[in-house]
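Spelled out from the first residue to the last, the chains are:
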Amino acid sequence: DIGKGPLTNLAKKDEFSCQSNNLYRTFDGSCNNKRHPRWGSSFINFRRALNPDYCDGISAPRCAHDDSILPSARDVSITIHRPSYFTDEQFTVMLAVFGQFLDHDITATALSQTQDGLPIECCNDNQRKHPECFPVPLAKGDPYFDNYNMTCMNFVRSIPAPTNNFGPREQYNQASAFIDGSVVYGASEEKVKKLRSFKDGKLEMFITPDNRSLLPMSRDPNDGCNEAEENIKGRYCFDSGDARANENLHLTSMHLIFARHHNYLAEGLKNVNPHWDDEKLFQEARKILGAQLQHITYNEFLSVIIGKDSSEKFGILSKPSSINEDPYDPKTNPSVANEFAAAAFRFAHTLLPGLMKITKELNDTEESMALHKMLFNPFSLYKPHGLDNALISAMNNSIEKSDPYFTTELTEKLFAHDASPVICGLDLVSLNIQRGRDHGLPAYPTWRKHCRLPRVDTWIDFEKAVGPISFSRIKEIYK
């Protein structure tokens, strides 16, 4: 996922100082490590597990080993990642929903923009192409985009991070790398102040006529979410700690649940400690919420993703016996890896089903809604049972299996809705592949060597590693 926001000045290491008596985490994640105060904080570059593989060694997006252009990311998508549907009945869509919410707490890669802070258009033949453009070419005969006479899919490169030294291009993370609830509160003091009510430690909320708490409204007409038709009804998209909160209905619901939970905690703390002021109540509630988010992540979410055995092996489960142990290592850099943000954690995209069963309010009967119609469409939360219905749909729909296949809702109709200039939508798989090339992420054979797996330097080796179906499709498109 990509965040949008202005660059901030990055403090040099020798200019940065930490308060030794600070009782609470900073909003931007700095000073969690006193020796390396900027490690894991927002607005620093991602770390790398492997050196980048740029075509020119410095900045140009990755190319083939003989310096030729790689196949179009869209060709890779339609050849290798074809639509096919295999349901995993063990888990529900809520698994993917929490994964996205967690992802937005720890990663936010910024896109390049114009000097005026506007989006860059890379597929307009009448304009001179911006140097940060890296569009995805669409071939003649494309099974979907040909219907719209499209020959190009817009793609803008991630902002290069200022690193204060010479070397290959790096990208930077706008979010705090720590699981600290910054997705709820924001990763800067300015954002946090905007969301606070400054009364009894609570966050600001919009109260409906029937006395329900919703997130504060965002009245920005250019946020890619607000629709004039809904605004006339007094319904706007929502504001939260992360700019991507309105990306889909389920994600917005998670933001609402945790914002309500913060206020619930603050109210409970005030009842027990009536002498605490607003600041104390806010910070203590924030501290508890961050700890609960960590507990859910390590005990429940990761136990599903990597398995309970692996969780125990790596010592990441909370156990009463470990309450007196301190596994903290000040020499470990907690900053998010570029490869994790731009590739690995996007695995959940394959889990999403194309159709979501939803409950109709009047008679509790079910109907189905196409996934793309839930994107940038949080307005049902204004209805009396809007949040309940959103959560029920997340918990009543099984995920798809984790495999190379994706629904056409993501490979053809991403972000297609009435208020969007992209009438036919985008291809998320193509954008993911293009982002990896943009960031210079090394290719699959390099990672096999890094992970001490058998090498795949020949097609014969490769077939043994990936299986006959993937092998035949990949060989069809790559040299």
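Above this text is the structure in question.
Residues numbered from 1 in each chain as written. Predicted model: local features only at pLDDT ≥ 70, side-chain atom pairs only at ≥ 80, totals over all residues. Heavy atoms only, no water.

1. Observations regarding the overall build of the protein chain
When you go through the protein chain residue by residue, the secondary structure sums to 15 helices and 14 strands. In terms of overall size, the protein chain behaves like a compact globule, its C-alpha atoms giving a radius of gyration of 23 Å where 479 residues would be expected to give roughly 23 Å. Considering only C-alpha atoms, the protein chain reaches an extent of 70 × 55 × 50 Å along its principal axes. Within the protein chain, the fraction of its 479 residues that count as buried is 49%. Across the protein chain, the fraction of contacts at a sequence separation of at least 24, relative to all contacts at a separation of at least 6, is 70%. Surface summary for the protein chain: the accessible area is close to 25100 Å², and the carbon and sulfur share equals 53%. (Helix = DSSP H or I, 4+ residues; strand = E, 2+ residues; numbered from the N terminus. Rg over C-alpha atoms; globule rule 2.2 N^0.38 Å. Buried < 20%, exposed > 50% of the residue type's maximum accessible area, 1.4 Å probe, protein only. Contact = heavy atoms within 4.5 Å. Areas by Shrake-Rupley, 256 points an atom, 1.4 Å probe, with all protein chains shown as cover.)

2. Some points on the packing of aromatic side chains
Under the counting rule described, the total for this entry stands at 16 aromatic pairs. Residues F43 and Y172 carry aromatic rings whose centres are separated by 5.8 Å and whose planes lie at 35 degrees to one another, so their mutual orientation is tilted. Taken together, the residues span a long stretch of sequence, with F43 in the loop between β1 (2-3) and β2 (44-45) and Y172 in strand β7 (residues 172-173) at a distance of 129 residues. Accessibility classification places F43 together with Y172 in one group, the buried group. The aromatic ring of F282 is capped on one face by R196, whose charged end is 4.0 Å from the ring centroid. Positioned above the aromatic ring of W276 is the side chain of K280, whose terminal nitrogen or guanidinium carbon lies 5.1 Å from the ring centre. (Phe/Tyr/Trp six-rings, centres within 6.5 Å; stacked < 30°, edge-to-face > 60°. Lys NZ or Arg CZ within 6 Å of the ring centre and 35° of its normal.)

3. Examining the pattern of salt bridges
According to the stated counting rule, one finds 22 salt bridges in the structure shown. In this structure, R157 engages D438 in a salt bridge whose closest nitrogen and oxygen atoms are separated by 2.6 Å. Of this pair, R157 sits in the loop between β6 (152-153) and β7 while D438 sits in helix α12 (residues 428-438), and the two are 281 residues apart along the sequence. Each member of the pair, R157 as well as D438, carries the same accessibility label: buried. The partner of K413 in a salt bridge is E409, and the shortest N-O contact between them spans 3.6 Å. Overall, K413 belongs to the partly exposed group, its relative accessible area being 26%. (Salt bridge = Lys/Arg side-chain N within 4 Å of Asp/Glu carboxyl O.)

4. Details of helix α2 (residues 93-106)
Over its 14 residues, α2 extends 21 Å from the first C-alpha to the last, a length consistent with the 20 Å expected when each residue adds 1.5 Å. Counting buried positions along α2 gives 13 out of 14 residues, so the element sits mostly inside the fold. (Expected span 1.5 Å × (residues − 1).)

5. Observations regarding the packing of α2 against helix α10 (residues 386-396)
One way to put it is that α2 packs onto α10 with a least axis distance of 6 Å and a crossing angle of 115 degrees. Relative to α10, the element α2 is oriented roughly perpendicular. On the side of α2, the interface is formed by V93, M94 and V97, while α10 contributes L391, A394 and M395. Grouping the amino acids of the contact of α2 with α10 by side-chain chemistry returns six nonpolar, no polar and no charged. (Axes fitted to C-alpha atoms, helices over the stretch in contact; angles between N-to-C directions. Parallel < 35°, antiparallel > 145°, perpendicular 65-115°, else oblique. Nonpolar A, V, L, I, M, F, W, Y, C, P; charged D, E, K, R; others polar.)

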